[in-house]
Every structure is written in C-alpha cells, then in structure tokens.
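# Architecture at a glance
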Amino acid sequence: MTRAMTMAEPAPVRPVTNLAAGWYAATASTNLRRTPERITLFGETFVGWRDRHGRARVQSAVCPHMGAALHGGRVVDGTIECPFHRWRFDPDGRCVVVPGRRPSARVALRVLPTRECSGYVWAWFGSGEPTHEPPDVPALDRRTRRPRLRRFRLADATRATPRRILENTYDPDHLIALHGLTVAGDARITFPDAPHGDRDGAPPERFDAMLTWPAYRGGLGTVSDVLGLNAGEFTLRVRGWASCQQIEYFADRRRLYEMVLAVTPVCEHHSIQHIAAAVDPDGRGVMGRLRALVHRAEVQVAARQDLPIFDTLQPGDRHGIYVPGDEALRNFRRFYQRWVDTAHRD
Amino acid sequence: MSVVPAAPPRNRTLPRDLARGWYVATTSAGVRRRPRPVVVAGRELVVWRAGAGDAVVMDRFCPHQGAALELGTIVDGALRCPFHHWRFDTGGSCVAAPSTRRIPAGVSAVVHPSRELYGYVWVWIGSAEPEYPPPDFPHLEPGAPAHRRYSFQQYTSASARRILENGFDVPHFPVVHGIAADLQLDWSPWCDEHTLAARLTVESLPLPSPLDRVMSIRWLCLNLRSTPSYQTLTFELNGTPVAHELLALTPSEQGATTLRGWTVVPRSPGLLGTAAVFWGYRLQHWLGTRSDLRIYRDVEETDGSVNTADDAGVLRFRQFYRRWSGHGGHQDTAKRARGTV
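The residue count restarts for each chain, going from 1 along the sequence in the order it is written. Working convention: letters from A go to chains and numbers from 1 go to ligands, in the order in which they are written. A pLDDT threshold of at least 70 governs which residues receive local features in this predicted model, and a stricter bar of 80 or more applies before side-chain atom pairs are shown or counted, although totals over entire chains, interfaces and linings include all residues.

## Focus on the domain arrangement of chain B
All names here are of chain B. Domain ranges listed in this record stem from an automatic or a database domain assignment. Split by domain assignment, chain B resolves into domain 1 (21–125) and domain 2 (142–322). Spacing between the C-alpha centres of domain 1 and domain 2 amounts to 35 Å. A pair of residues counts as a contact when their C-beta atoms, built from backbone coordinates, are separated by no more than 7 Å. Taken together, the contact between domain 1 and domain 2 spans eleven residues of the former and 14 residues of the latter. Counting residues per element, the side of domain 1 that touches domain 2 draws most heavily on strand 1 (residues 21–27), at four residues. Each helix corresponds to a stretch of at least 4 residues labelled H or I by DSSP, and each strand to a stretch of at least 2 residues labelled E; elements are numbered beginning at the N terminus.

Laid out in structure tokens, this is it:
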C-alpha cells in the first residue's frame, strides 16, 4: 500500500457560519511555546507563535509565496520562517527576508488581533479592529502564583455552535432540569443593566445578567450543610460579551469562585468549550481544601453534563419555542445576532 | 485537553421517490427502557415505549430547544426531554413544562403513525395518515400452525424499489440465481390499489446429481404479493407451500436500505421432515440474497431506458410503484389508480 492510501481521510473543515464578532480563545497560554503551533480557527488554519518579547501572535498559516504551511517552519530572530523557501515574516506579518532577493513590501500575512490574558491567547474575529478587550482575570493568568488545587482549566470538544455554548448561561431552567439542582425555589435571572445600544446603532458591548437561586435542598442540601457550603441564596454574576463570558459565583454575597467561559470555533459543527476557574480561599487547612475540591467538582460535573446534549442537538441552531423562562435566552440571541452583523460590516 | 474533533452531524438525504408506506423503524426488542434514535426515510426519529404499551415513533428533537430526545427518560408514561424536562405523551402532546406556569398552548412533538407487529415497530412514512394497512402475515400470529422460522436482516445501498421489484424481474432468475428453466409470470386477479400480486412458476426444474435421487421438482411456484413498501411471498413445491416470507424495509436515506423480515417454514410430516426443508430453504435463501446483494451494491438508480418484452414484470411494478411515490396525496392517488387499474 502506498503512503497516500494509508492516510486518514481529512475531516471536512468548513468555515464557521453565524459567528459574532469578538474575542475567541485561540489556544491556552501554556500550549503556545517558542515553536510555531498549528491553530484551526473559524474553519481556517493559522499559526501561533511567540515573538522576541514572548508576545503571542496568530497569523495565517499559508505562506503567500508557494502556499506551504508555516506551522511546519521555525521561529528565527523574532520572525517566523517558512519551511519551503525560507521566507521570513515579522510579528506584524510583513515579509522581511527572501533568500537572495529583496522582499517585496506588498507581501504580507494576514494577522489576527491577539491578546493574552486569563490564561488564554485570544484572537479577534470580525472585519474591523477590536472594539473592546477580552476578560482579564489576573487570578487565571499563568504568571500568577496560585495553588494548583484552586485553579483549573477545562477544554471540551463539542458539536455545538459558539452561540449555543454561550447562551446556556442565560437559561436558568436547565439548571434544575439538566443539572439536577434541588433548590428550595425557582432560579431567577435579572439584568443589572438592561441592554441598550449606542446612539450610532452599534450593539452594546455586553449583555450582563445575574442568576439567583435559593438554598440547596434534599441530599445535596444535607451534604452542603455539613461542609458549610449551603447558603440562603446563590448568585452567578455574568459579564457577557457576544463571544466570551466572565462569571463570578457567590453564596450569600461571599464570592466562591471566578471563571472565564471561552470558545474556540474550530470549524462548522466543531467548537471547544473552555472554562478556566479560580477558586477563592474559603477557610483554612483541610476544610478549605475540601471546599475548593467541591467547587471544582461542581464546575466540572456541570460542564460535562451539558456536552451530551450539545453534541446531539438538532443541527442548524434553530429557534425553538419560547416560554417566559426563555426570555433571557431570547434576548441573548438577539444581542448575539447584532454582533454577527457587526462581524461582516466593513 | 480532550480536543478530539466531534463528528459533524450527517446531512441526511431523503431517499428519492420513496413510496408512501409502512417501513420498519426498529425491532421491538430494540426499544426497551431507553428511547432509541432511528433514521427512516431521511427523517430523524426517536422510538420509545411507555411501560408495556406499544412503541411510539416521534420526531427526534424536542420542539422547545432542539435537544435530542433519546437522552431523555420515560416518566409517568411520557417521554421527558433531558434539557428542560418538558414531557410528551404517547400522542405527542406536551403534558409538563416545569418552571412554566402553564403548559404552552399548541406545543406538541410530531408523532408518526406506527404499529407493532411481528417483532418490528412499523412506521407510516409519506403522509399524515396511513393510506393502506400494515402487513398481515398470519403465519406469525398466535395460533398459527406449527412451523420453524428465522428472521433475516441485510444492509444494501440499493433503493427500496429495487428490492421490491426484484421478484417481478423474470430474466434475472436464470442469470443471477442460475435457475435454468422456463419461468412464467402471471398476474393475479387479487391486485388492488396498494397490492400487486403475481405468480412465478417453473415446471420441471432439473436438480444437480446427488439431489435428484431424493427429490424432484415437478412444479415450483413463487406467489408474490407486494405493496409499495413491504411484500409477502409464498414458495410452493409440487403444490405444497414450503415457505412463507415477510419482506420489510428500512430505507434510512438515499443509498442506504436495510431489508429485514421473517421466513416461516410450516412443519410437515413426511420422509424429509421439516428440518431438511428448513435448512435447504434457508441455504438457498442465503445464497440467493448474497447474489442479489452483489448486484445491488453497484447498481445505478436508473429507470432502464432499454427494455425487452421480458421486462414486463418489472415495468408493471414500477408503474404501480410510481403511483405511491412522489407528492400525490391520498385522494390524488386514488383517482389516478382508478383511472389506470
């Protein structure tokens, strides 16, 4: 058998449709080292690498000369070198070296606006320049020292669209049904700042929300009481952009943990749901460690409960039936859709 | 990091020109406590059972937010969606929507007409209401005469029509199945709007050397009764029925069909006994299906523009089949059927 015949059939990579403008997680900060990394985003191939100053760069992986993949190359003197003819490109995408010739000023790579914070390398999607910054949680930064127990990151591949992953936060009813939360009353959702647009028709930067539910009940309540984790009221405070979220979790106004929900839109029908969480100190010694473990398990279990549903959802992100409990979901969808329009505006 | 690419959802293509009819969604044994997702005629469906009752065939996705209902559970005789715990009864009506003060009016899941018969869940595909009855196969009913039986199941890329018309295709018997004798196809008078019946006879079939000492075939006959979606067949040898067959289909999507069914061999006293006939029949059935599947595998779905007089059987079946495929509703079909039959 020839080599070509033994190679696996490539998975179909189709561009992501209906994507809001905004910051998406290109990769986790720790995954990007000095060597170029292949990054599939929005259905295209990019190369991620670090320049002389350690700053993350996300550029088109296709060399404009003969189309070789730049992630097969190496980083030389703060430039990325194509493995095929050794052309080099600087952090801004300009071609700076063509062996034996003078590089043309017109040759350049497409560069995505990039930021690095909260433990992720973020890349901007949309035709214009970034209009805001990605969520910056210093506690999640890889340079911040913190016990391993109190900081963790999840990355799960799913078929769900980015919108579906993000809108799930605005769906209080599924907390009780899917996640089996046994609480003493209904989960409520309120909006600290009602979404409003700018005067020139630009969509609001964020769609913030506050989810509140009363004390745990049943078996979970007993366990929580013993561990001192139960409270009169639990609150999720969401700072929600169209492409990512910063979430804080409170028990009776005492913050328990803080997390960032990010998405990597790999291609159509393939996203990666990223959750980075930092658990606040809640007591000392064994009890503090035990509580940190419980909070950690809580986030992990809840994230994994959503995935089977996400993977088998009706394809096409159709709008279903809206009931009063879906009002926040519906508003988020409207907000998201405005950012989709923004992405394609010149 | 678990970043294994999730397989993209498949784009189901509806089988082209599939006749309206009863198709097998799944086996009865395949639907126990948990709902089961199936694809019939390009439609995503879920089959579930409330207690000991008949299986229900419903659209796979919850009308609320589109969650797949096979992840749900059966609670109080209703299927509960895993996502927001909405419940749908056997008629598809939404009977519970927690955290909503009242059940939203007019919300229901689409339930397809279905019946449970002969170990299969049959679903009517193509129109809202069944236009002809599901199979009647008395040989498997309780109280049927003593018999031996087996069920079969084969996957093929051929269309449903190709499989159903095969029995009416006289010239393929000598070529594919090596029946070196004159075959005669006669139309039966018991044809109606949804049934095409015929009798295929062979007189004096010479048998190979060791077999011809123990038995002789003076007269072999195949009785075919076909609807546009399933058929029953009876083989008669020298005037006695040897085997009854129920041939059913699961057309999943374009180019993917599962044929399945039952063969019933009546118990008979006599020199050979039932075992010899049963295993002999089963062997020839297996060999015959294998030969047909080899042709089906690469067959092009054409109408065959060049025909001879020998093709009359297939052509008449196709004419019959066309009345049940396409977009004509019940009344439309009835009108056209009266005009042509």
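Resuming the write-up.
## So, the pairing of strand 17 (residues 240–253) of chain B
Residues and elements named next belong to chain B. Of the strand pairs in this sheet, strand 16 (residues 231–237) and strand 17 are connected by seven bridges, and their pairing is antiparallel. What sits directly across from glutamine 231, in strand 17, is leucine 247. Pairing between strands is defined by DSSP: at least two bridges between them are needed. Here strand 17 pairs with strand 18 (residues 256–266) via nine bridges, running antiparallel. The partner of alanine 248 across the bridge, within strand 18, is arginine 260. The loop that links strand 17 with its antiparallel partner strand 18 comprises two residues; one of these, glycine 255, has a positive phi angle of about 75 degrees.

## Examining the sheet that holds strand 11 (residues 120–125) of chain A
Residue and element names in this part refer to chain A. With respect to topology, three strands assemble into an open sheet ordered 1-11-10, the strand pairing being antiparallel. Each edge of the open sheet is held by one strand with a lone partner, namely strand 1 (22–28) and strand 10 (114–117). Direction aside, the axes of adjacent strands within the sheet are offset by 35 degrees on average. Note that strand 10 and strand 11 share four bridges and pair antiparallel. Counted as the bridge partner of cysteine 117 is tyrosine 120 from strand 11. Axis lines are fitted to C-alpha atoms, over the contacting stretch for helices. Their N-to-C directions set the angle, which ranges from 0 to 180 degrees.

## Some remarks on the domain arrangement of chain A
Interface size, as often reported, equals the accessible area lost upon joining of the parts. All names here are of chain A. According to the domain assignment, chain A consists of domain 1 (12–125) and domain 2 (138–343). The straight-line distance from the C-alpha centre of domain 1 to that of domain 2 is 31 Å. At the level of elements, strand 1, strand 2 (37–41) and strand 11 are the ones that each hand at least two residues to the side of domain 1 that touches domain 2. Per element, the largest residue contribution to the side of domain 1 that touches domain 2 is six residues, and it comes from strand 1. Polarity classes work like this: nonpolar for Ala, Val, Leu, Ile, Met, Phe, Trp, Tyr, Cys and Pro, charged for Asp, Glu, Lys and Arg, and polar for all others, with Gly in that last group. When grouped by side-chain class, the residues that make up the side of domain 1 that touches domain 2 number 16 nonpolar, nine polar and one charged.

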